[in-house]
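Commentary on secondary and tertiary structure
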Amino acid sequence: MHGAGGPFARRVLIDELGLPKSSLLRCDPRPDFGKCHPDPNLIYASDLIAKMGLNPDGSVNTSTMNDNNNKIPTLGAANDGDGDRNLIAGAGCFVTPSDSLALICDNWEAIPHFAKANGPKGVARSMPSSAALDVVAKERNIPFFSTPTGWKFFGNLMSSKEMFDQTDYTPFLCGEESFGTGSDHIREKDGLWAVLAWMSILMKANQDNRTNLDAPLVSVNDIVTKHWNKYGRHFYCRYDYEAVDSDAANEMMDLIRNQYVNAAATDGTITDKDEESIQLIAAEEFGYTDPVDGSQALQQGLILSFQYKETGDTARVVFRLSGTGSAGATIRMYLEKYEKDTKNHDKAAPLILKPLADRAISLVQLSQLTGRDAPTVIT
């Protein structure tokens, strides 16, 4: 993305690992990021997404895959302006940040930092990230934490033994839905580390091919599909409504608190009187008590939990505000639906989540209160 990660990628991938120079794109740092936005997401890394045989929403571009299957790279990755965030994609396969985190956790044997310690001793995700990591941590019997957004909360867990003489959670794995992944080698997310982790996962998945050159390559899509078959898929995406009037944004958040969260807190239940196929079953405001230093972080996001009447599938929608100054607020709406049925795993997340989005938007009166009939960005 013409950011700070370029020279590091050149040194590690080209000079140390011997990849061809043609494997790097936009790796020369520029003050204006090449007149492009430096965030590594589906919108701003659109040239990479197209090269990987994907549509702008992350779904498979079948015509590109059918026409250029042999020319599409095995692994595509992007870092942001300061090199700490990452995007991961395979041929015809976009890996959401939440899935990437869960897959790195489940494939820790492939990553030397974890393998030499017999696995991570703790894992964590930001609350708005999907629960894909949760199910892996439970299956693998790894201590798990859900924290507010912000790397400082991960830092406390990493430093639990070193600074507070409490439980040692290192080696540690953590990540957030905004394309951040990291471990305890530094107290910050590390975009290039995540890329190297995925290269290690691919290498281990294909280790038998070293003696059988005719064997088909195990792809990113194969690894992701196998993971979904075992754990189920957590469909996930985020709607951003940017530069919303701050008063209107706060009015919407107050409506959620007063009409749903407070009602649930009063009697422990929510009665959804609407005859809808997606039923609201719970509401809460996320707060966090740090298990290391006991500090508290309150009002970290409003969570609406749903259930699909026909299938019993669970889902949730999280609302958070980012920035409430003179330039307005950004309303972030995080959508997640769990799907166990493998027949539905190959469907596009925006398509699967659209009914859930419509239901939540209606309940919180987002369009009426903000005047917005569509998000600014969907990632």
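Above this text sits the structure in question.
So, here's what we can say about the structure. (Residues numbered from 1 in each chain as written. Predicted model: local features only at pLDDT ≥ 70, side-chain atom pairs only at ≥ 80, totals over all residues. Heavy atoms only, no water.)

1. Regarding the overall build of the protein
Rules: Runs of E in the DSSP output that reach at least two residues are strands. Runs of H or I that reach at least four are helices, and both are numbered from the N terminus. With C-alpha atoms as the basis for the radius of gyration, the globule rule is written as 2.2 Å multiplied by the number of residues raised to the power 0.38. Classification of residues uses two cut-offs on accessible area relative to the type maximum, computed with a 1.4 Å probe and protein chains only: under 20% is buried, over 50% is exposed, and between them is partly exposed. The contact definition used throughout considers only heavy atoms, calling two residues in contact when any of these lie within 4.5 Å. Per-residue accessibility takes into account occlusion by the displayed protein chains alone, with areas from the Shrake-Rupley method and a 1.4 Å probe.
A tally of helices and strands in the protein yields 13 helices and 15 strands. Whereas a compact globule of 379 residues would reach a radius of gyration of roughly 21 Å, the protein reaches 21 Å, a difference of no more than 12%. Considered along the principal axes of its C-alpha atoms, the protein spans approximately 65 × 55 × 45 Å. Every one of the 379 residues in the protein was classed for burial, and the buried ones make up 53%. Across the protein, contacts joining residues at least 24 apart in sequence account for 64% of those joining residues at least 6 apart. Only carbon and sulfur atoms are counted for the fraction: they give 49% of the accessible area of the protein, which is about 17800 Å².

2. Some thoughts on the sheet that holds strand 6 (residues 172–176)
Let me state the cut-off plainly: Strand pairing is defined by DSSP finding a minimum of two bridges between the two strands. Every angle, taken between N-to-C directions, lies between 0 and 180 degrees, and every axis is a line fitted to C-alpha atoms, over only the stretch in contact when it is a helix.
Reading across the sheet, the 4 strands line up as 5-4-6-7 and stay open at both edges, with mixed pairing between neighbours. Single-partner strands in this sheet number two, and they are strand 5 (144–147) and strand 7 (180–183). The sheet shows a mean angle of 15° between the axes of neighbouring strands, taken without regard to direction. Judged from the 4 bridges that link them, strand 4 (residues 122–126) and strand 6 form a sheet pairing that is parallel. Its bridge partner lying in strand 6, Gly122 is registered against Phe172.

3. What to know about the environment of Leu298
Checked against the element boundaries, Leu298 lands in the loop between strand 11 (296–297) and strand 12 (302–308). Along the backbone, Leu298 and Thr311 are 13 residues apart, and their C-alpha atoms lie at a distance of 34 Å. Contact partners of Leu298, with chain neighbours within four places excluded, come to Phe286 and Gly287.

4. As for the packing of aromatic side chains
The condition is simple: Each Phe, Tyr or Trp ring, with Trp reduced to its six-membered ring, pairs with another whose centre is within 6.5 Å; inter-plane angles below 30 degrees give stacked pairs, above 60 give edge-to-face pairs, and intermediate values give tilted ones. By definition here, charges over rings are those cases where NZ of Lys or CZ of Arg is within 6 Å of the ring centre and within 35 degrees of the ring normal.
Under the criterion given, the structure shown has 4 aromatic pairs. Taking the centre distance of 4.7 Å and the plane angle of 90° together, the rings of Trp151 and Phe154 count as edge-to-face. In this pair, Trp151 and Phe154 both sit in helix 7 (residues 151–158), 3 residues apart, roughly one turn of the helix. We classify Trp151 as buried; its relative accessible area is 9%. Seen in terms of ring centroids, Phe153 and Tyr288 are 5.7 Å apart; in terms of plane orientation they differ by 85°. Their pairing is edge-to-face. Of this pair, Phe153 sits in helix 7 while Tyr288 sits in strand 10 (residues 288–289), placing them 135 residues apart in sequence. By the burial criterion, Phe153 is buried, and Tyr288 matches it. Taking NZ or CZ as reference, Lys337 lies 4.8 Å from the ring centre of Tyr308, over its face.

5. Observations concerning unusual backbone geometry
The peptide bond linking Thr170 to Pro171 adopts the cis configuration, its omega dihedral lying at 0°. Take Pro171: it is sitting in the loop between helix 8 (160–164) and strand 6. Although it is not a glycine, Phe33 adopts a positive phi angle of roughly 55°. By the secondary structure assignment, Phe33 is in the loop between helix 1 (5–16) and helix 2 (46–51). Not every positive phi belongs to a glycine, and Gln365 is a case in point at roughly 55°. Residue position: Gln365 is located in the loop between helix 12 (349–364) and helix 13 (366–370).

6. What about the sheet that holds strand 3 (residues 93–95)?
Strand order in the open sheet made by the 3 strands is 1-2-3, with antiparallel pairing throughout. Looking at which strands have only one partner, the edges of the open sheet turn out to be strand 1 (75–79) and strand 3. Neighbour-to-neighbour, the strand axes of the sheet open up by a mean angle of 20°, direction not taken into account. Those strands touched by helix 4 (residues 97–106) are strand 2 (86–90) and strand 3, and its axis lies near 80° from that of strand 3. Strands strand 1, strand 2 and strand 3 of the sheet are contacted by helix 9 (residues 191–205), whose axis makes an angle of about 170° with strand 1.

7. Section: the packing of helix 9 against helix 10 (residues 220–231)
The angle between the axes and the distance between the axes are what describe a pair of packed helices. What counts is decided by this rule: Here roughly perpendicular refers to angles of 65 to 115 degrees, roughly parallel to angles under 35, roughly antiparallel to angles over 145, and oblique to all remaining angles. For this classification, Asp, Glu, Lys and Arg are treated as charged, while Ala, Val, Leu, Ile, Met, Phe, Trp, Tyr, Cys and Pro are nonpolar and the rest, including Gly, are polar.
Contact geometry for helix 9 and helix 10: axes closest at 10 Å, N-to-C directions at 85°. By the criterion of interaxial angle, the relationship of helix 9 to helix 10 is roughly perpendicular. Counting all contacts with helix 9, which are made through Trp198, Ile201, Leu202 and Ala205, the residues of helix 10 involved are Val220, Ile223 and Val224. The class makeup of the residues in the contact of helix 9 with helix 10 is 7 nonpolar, no polar and no charged.

8. Some points on the side chain of Asp240
By the secondary structure assignment, Asp240 is in strand 8 (residues 233–244). Exposure remark for Asp240: the relative accessible area of 5% places this residue in the buried category. Residues in contact with Asp240, not counting those within four places in the same chain, are Thr330, Ile331, Arg332, Pro375, Thr376 and Val377.

9. Thoughts on helix 6 (residues 132–140)
Along helix 6, the positions that sit buried rather than exposed are Ala132, Leu133, Asp134, Val136 and Ala137. The inward-facing, buried residues of helix 6 abut helix 4, strand 4, strand 5, helix 10 and strand 8. Where helix 6 ends, the next residue or the one after it, Asn141, has phi of about 60°, a positive value.

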